[in-house]
Amino acid sequence: MEIERIELLGVPVDVCRPSDFEQAIVSLMEKEGPKQIVFLSIWDLLKAMGKSEFAKAVKQADLILPTSKSIISGARFLKLTVPTRWNPFDSVVNIMTLLENRYKSIYLLGGHKKTLLAAERNVRMTFKSLQIVGRYVGYYPKSEDAAVIEAVRKSSPSLVIMSDGLKDKFCWFHNRRENFSTSMFLYYPDAVAIFSERKAHVKKETFDKGLEFLPEAIRSPLKFFLVFPFLHYKLLLVWHRLFD
């Protein structure tokens, strides 16, 4: 089973149907070498246009799952194959369930110590057959980077969930890829906070309406200025529709 990869404004996006999701994850588990799963928002897509390290990280990812309604509508507007939109929280839980059913393992990377310990405890209680083979806080000094890499590498987890506090954020794995020979890597900044119950995940109704940005925007009103890059995105779509 091969996942179709389209390009939206030069940025790759994978068309993975819900019926193919389990097989896609299993295929990644069986694939040799380290792999990265990406949740791609509209802001990520705009940031990935060009030749930055972020853009390279996206383009080299093994599975790119769109999370924004704007990506879906953009693909439809440009008459591309329309991908499925994925809820990051639900998707991570589904991946962990798949791993648990196969007695696989995870490594938790990110968050502050107390939050990380609470997240680990709750994950153990919820996914009883899922092995947690290690954890490391995210707000670590640069001098500990080699130790973190070695800890993850030696643990050889099936999945590394990367969360808040990593200096390179989304690009943490990309910038260290050569240090790993196995494992799937997934960056979900809210993972540790949500698993520790210190932060609520976006409600399904809110996500389905495409309003997942509102809670964050209310906490940080400056995010409302993102309307300007969003309008730029719309103009780019019209340009490509007319002239490409």
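Scroll up to find the structure this text is about.
Structure report, in brief. Fair warning: this is a prediction, and the values are worked out from it, not measured in the lab.

Things to note about the overall build of the protein chain
Looking only at helices and strands, one finds eleven helices and eight strands in the protein chain. For the protein chain, the C-alpha radius of gyration of 18 Å lies close to 18 Å, the compact-globule estimate for 244 residues. In terms of overall dimensions, the protein chain has a C-alpha envelope of 50 × 40 × 35 Å along the principal axes. Considering the protein chain as a whole, with its 244 residues, one finds that 48% of them fall into the buried category.

Points about the sheet that holds strand S3 (residues 35-40)
Read from one edge to the other, the open sheet built from six strands follows the order S4-S3-S8-S7-S5-S6, with strand pairing classed as parallel. Unpaired on one side and paired on the other, strand S4 (63-66) and strand S6 (131-136) mark the two borders of the sheet. Neighbouring strand axes in the sheet, compared pairwise and without regard to direction, differ in orientation by 20 degrees on average. By the bridge criterion, four bridges tie strand S7 (residues 159-162) to strand S8 (residues 184-187) in an arrangement that is parallel. Within S8, the residue paired with Met 162 across the bridge is Tyr 187.

Section: the packing of helix H1 (residues 18-30) against helix H5 (residues 88-101)
In the contact formed by H1 and H5, the axes pass within 11 Å of each other and the chain directions differ by 60 degrees. Taken together, the axes of H1 and H5 lie oblique to each other. Every pair of crossing elements has a handedness; the one defined by H1 and H5 is right-handed. Seen from H1, the contacting residues are Phe 21, Glu 22, Ile 25 and Met 29; seen from H5, they are Ser 91, Asn 94, Ile 95, Leu 98 and Leu 99.

Examining the environment of Thr 126
Tracing the chain through its elements places Thr 126 in helix H6 (residues 113-126). The exposure class of Thr 126 is exposed, given its relative accessible area of 56%. With 63 residues separating them along the chain, Thr 126 and Leu 63 place their C-alpha atoms 26 Å apart. Among the polar contacts listed, one links the side chain of Thr 126 to the backbone oxygen of Asn 122, at a separation of 2.9 Å.

As for the environment of Glu 120
Looking at the element boundaries, Glu 120 is found in helix H6. For Glu 120, a relative accessible area of 11% puts it in the buried group. Put simply, Glu 120 and Ser 196 are 76 residues apart on the chain and 7.6 Å apart in space, counted from C-alpha to C-alpha.

Considering the pattern of salt bridges
Scanning the model with the defined rule gives 13 salt bridges in all. Residue Asp 14 is joined to Arg 5 by a salt bridge in which the shortest nitrogen-to-oxygen separation is 2.7 Å. For Asp 14, a relative accessible area of 2% puts it in the buried group. Between Asp 190 and Lys 199 there is a salt bridge, with the nearest N and O atoms lying 2.9 Å from each other. Its relative accessible area of 27% is what places Lys 199 among the partly exposed residues. Several salt bridges converge on common partners, so that one network encompasses Lys 31, Asp 62 and Arg 177.

Considering the nonpolar core
Residues Leu 8, Leu 40, Leu 45, Met 162 and Trp 172 are the most contacted members of the largest nonpolar core, which totals 39 residues. The next biggest cluster of nonpolar side chains, apart from the first, holds 35 residues, and it includes Cys 16, Val 26, Phe 127 and Leu 186.

A short note on the pairing of S6
Here strand S5 (residues 105-109) runs beside S6; their pairing, made up of five bridges, is parallel. Residue pairing across strands places Ile 106 opposite Ile 132, the latter belonging to S6.

A short note on the packing of helix H4 (residues 69-77) against helix H11 (residues 227-243)
Where H4 meets H11, the closest approach of the two axes is 10 Å, and the angle between their N-to-C directions is 15 degrees. With respect to H11, the axis of H4 lies roughly parallel. Every pair of crossing elements has a handedness; the one defined by H4 and H11 is right-handed. Of H11, the residues touching H4 (which contributes Ser 70, Ile 71, Ser 73, Gly 74 and Phe 77) are Phe 230, Tyr 233, Lys 234, Leu 237, Val 238 and Arg 241. Of the residues that constitute the contact of H4 with H11, the class distribution is six nonpolar, three polar and two charged.

A look at the pairing of strand S1 (residues 4-8)
With five bridges connecting them, S1 and strand S2 (residues 11-15) associate as antiparallel partners. Paired with Glu 7 across the two strands is Pro 12, which belongs to S2. Remark: two residues form the turn of the hairpin made by S1 and S2, two consecutive strands paired antiparallel; Leu 9 in that turn has positive phi of roughly 55 degrees.

Conventions and cut-offs
- Residues numbered from 1 in each chain as written.
- Predicted model: local features only at pLDDT ≥ 70, side-chain atom pairs only at ≥ 80, totals over all residues.
- Heavy atoms only, no water.
- Helix = DSSP H or I, 4+ residues; strand = E, 2+ residues; numbered from the N terminus.
- Rg over C-alpha atoms; globule rule 2.2 N^0.38 Å.
- Buried < 20%, exposed > 50% of the residue type's maximum accessible area, 1.4 Å probe, protein only.
- Pairing = 2+ DSSP bridges.
- Axes fitted to C-alpha atoms, helices over the stretch in contact; angles between N-to-C directions.
- Parallel < 35°, antiparallel > 145°, perpendicular 65-115°, else oblique.
- Left-handed = near helix turned anticlockwise from the far one by under 90°.
- Contact = heavy atoms within 4.5 Å.
- Polar contact = N/O pair within 3.5 Å; in protein donor to acceptor, adjacent residues only side chain to side chain.
- Salt bridge = Lys/Arg side-chain N within 4 Å of Asp/Glu carboxyl O.
- Core = buried A, V, L, I, M, F, W, Y, C linked by side-chain atoms within 4.5 Å.
- Nonpolar A, V, L, I, M, F, W, Y, C, P; charged D, E, K, R; others polar.

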